[in-house]
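# Summary of the model geometry
Spelled out from the first residue to the last, the chains are:
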Amino acid sequence: MSRPLSWSLTFSKRMLREVLLQNMVHDAVAKLDLPVPPLYPTGAGANYGLFYLILRIVTENPVARVLDVGAGQSTLLLNALAKKSPIDVVTLETDSNWADWIGQRVDHKVVHSPLVPRSIHGVDVQGYADLSGIEGKFDLILIDAPIGTKRHSRWAGLELIDSFREQDCIVIFDDAERRGERDTINRFCALHEDLKGRYFRPAAAQQFVACSPKFSHIMYYRWS
């Protein structure tokens, strides 16, 4: 059965935005002279919309510490940014093999913590077993893990934000178009009313960004 025309037009517009963002990201990387390795934003990996947000937020704002939840392509980009800017990055990953693989390719700390059954904010989910390898506060927290689920997806990220967010901070949720992620985002908004956020127009995936008043200009970022 063929898909409706409306679906095809929406998909085409999203892919055109992705190409636009790809060009913007590669142009920014070149002009900033960032030592970025080849990036492969395919499948479940980060897309160029997320790369754009990371690049712009880190290079245009006083971001000193980043908690990168979920090792992957965005981790490699953050590592390149840390070579050019005075930022401290900590990556949290649940899979030991993937943590080792990424850890060999970056210069910052990669913390491995497996998932175990937990109750977080009254919901039974898979949460992080051990967060003792993470210390201090972060002014940028990127939630792109743990593994997505149909409902209450990446709910464990709420615990991380509760524990490690700086008073003045920025929080990014990737894959914000999914129902499970929206469960988590809605709960996050209820818990952190001092942070104002909005959804960024989707390309291959959608992001939700929230921030304290200090970073409110981020809400006006556009790419088309």
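Computed from a predicted structure; not experimentally measured.

Take the overall build of the protein next. The helix and strand inventory of the protein stands at 6 helices and 9 strands. Counting only C-alpha atoms, the protein reaches 45 × 45 × 40 Å along its principal axes. Sequence separation of at least 24 residues holds for 62% of the intrachain contacts in the protein that already meet a minimum separation of 6. Carbon and sulfur atoms form 53% of the exposed surface of the protein, whose accessible area is close to 11000 Å². Computed over 26 positive and 26 negative side-chain charges, the inter-centroid distance for the protein is 8 Å.

Between its terminal C-alpha atoms helix α3 (residues 73–84) stretches 18 Å, which fits the 16 Å expected from 12 residues at 1.5 Å a residue. Of all 12 residues in α3, 9 are buried, a share of seventy percent or more. Three or more residues of α3 are buried, namely Q73, S74, T75, L76, L77, L78, N79, A80 and L81. Residues of α3 that are buried sit in contact with α2 (48–60), β1 (65–69), β2 (88–93), α4 (96–103) and β6 (138–143).

Here the second largest pocket is characterised by a volume of approximately 150 Å³. Looking at the lining of the second largest pocket, the elements that each hand over two or more residues are α1 (5–32) and α2. Of the residues assigned to the lining of the second largest pocket, the class counts are 6 nonpolar, 1 polar and 3 charged.

To continue, consider the sheet that holds strand β3 (residues 109–112). Strand order in the open sheet formed by 7 strands is β3-β2-β1-β6-β7-β9-β8, with mixed pairing between adjacent strands. Of all strands in the sheet, those bounded by a partner on one side alone are β3 and β8 (196–200). Between one strand axis and the next, the sheet turns through 20 degrees on average, direction left out of account. Note that strand β7 (residues 165–173) and strand β9 (residues 207–211) share 4 bridges and pair antiparallel. Bridge pairing in β9 places I172 opposite V209. Across the sheet, α4 is in contact with β2 and β3; its angle to β3 comes to roughly 175 degrees. In this fold helix α5 (residues 156–164) packs onto β1, β2, β6 and β7, with an angle of close to 155 degrees to the strand it touches most, β7.

As a packed pair, α2 and α3 sit with axes 11 Å apart at the nearest point and diverge in direction by 25 degrees. When the axes of α2 and α3 are compared, the pair comes out roughly parallel. Our pair here, α2 against α3, has a crossing hand that is right-handed. Contact residues: α2 offers L50, F51, I54, L55, V58 and T59, while α3 offers Q73, S74, L77, L78 and L81. Within the contact of α2 with α3, the residues separate by chemical class into 8 nonpolar, 3 polar and no charged.

Remember that side chains alternate between the two faces of the sheet whenever the strand is regular. Of the strand pairs in this sheet, β6 and β7 are connected by 5 bridges, and their pairing is parallel. Its bridge partner being in β7, L142 is matched across the sheet by I172.

Each value, and the rule that gives it
Residues numbered from 1 in each chain as written. Predicted model: local features only at pLDDT ≥ 70, side-chain atom pairs only at ≥ 80, totals over all residues. Heavy atoms only, no water. Helix = DSSP H or I, 4+ residues; strand = E, 2+ residues; numbered from the N terminus. Contact = heavy atoms within 4.5 Å. Areas by Shrake-Rupley, 256 points an atom, 1.4 Å probe, with all protein chains shown as cover. Lys, Arg positive; Asp, Glu negative; His and termini not counted. Charge placed at Lys NZ, Arg CZ, Asp CG, Glu CD. Expected span 1.5 Å × (residues − 1). Buried < 20%, exposed > 50% of the residue type's maximum accessible area, 1.4 Å probe, protein only. 1 Å grid on protein atoms, 1.4 Å probe; cavity = no way out; pocket = protein on both sides within 12 Å on 5 of 7 lines; lining within 4 Å. Points joined across faces, edges and corners; volume = space filled by probe spheres on them. Nonpolar A, V, L, I, M, F, W, Y, C, P; charged D, E, K, R; others polar. Pairing = 2+ DSSP bridges. Axes fitted to C-alpha atoms, helices over the stretch in contact; angles between N-to-C directions. Parallel < 35°, antiparallel > 145°, perpendicular 65-115°, else oblique. Left-handed = near helix turned anticlockwise from the far one by under 90°.

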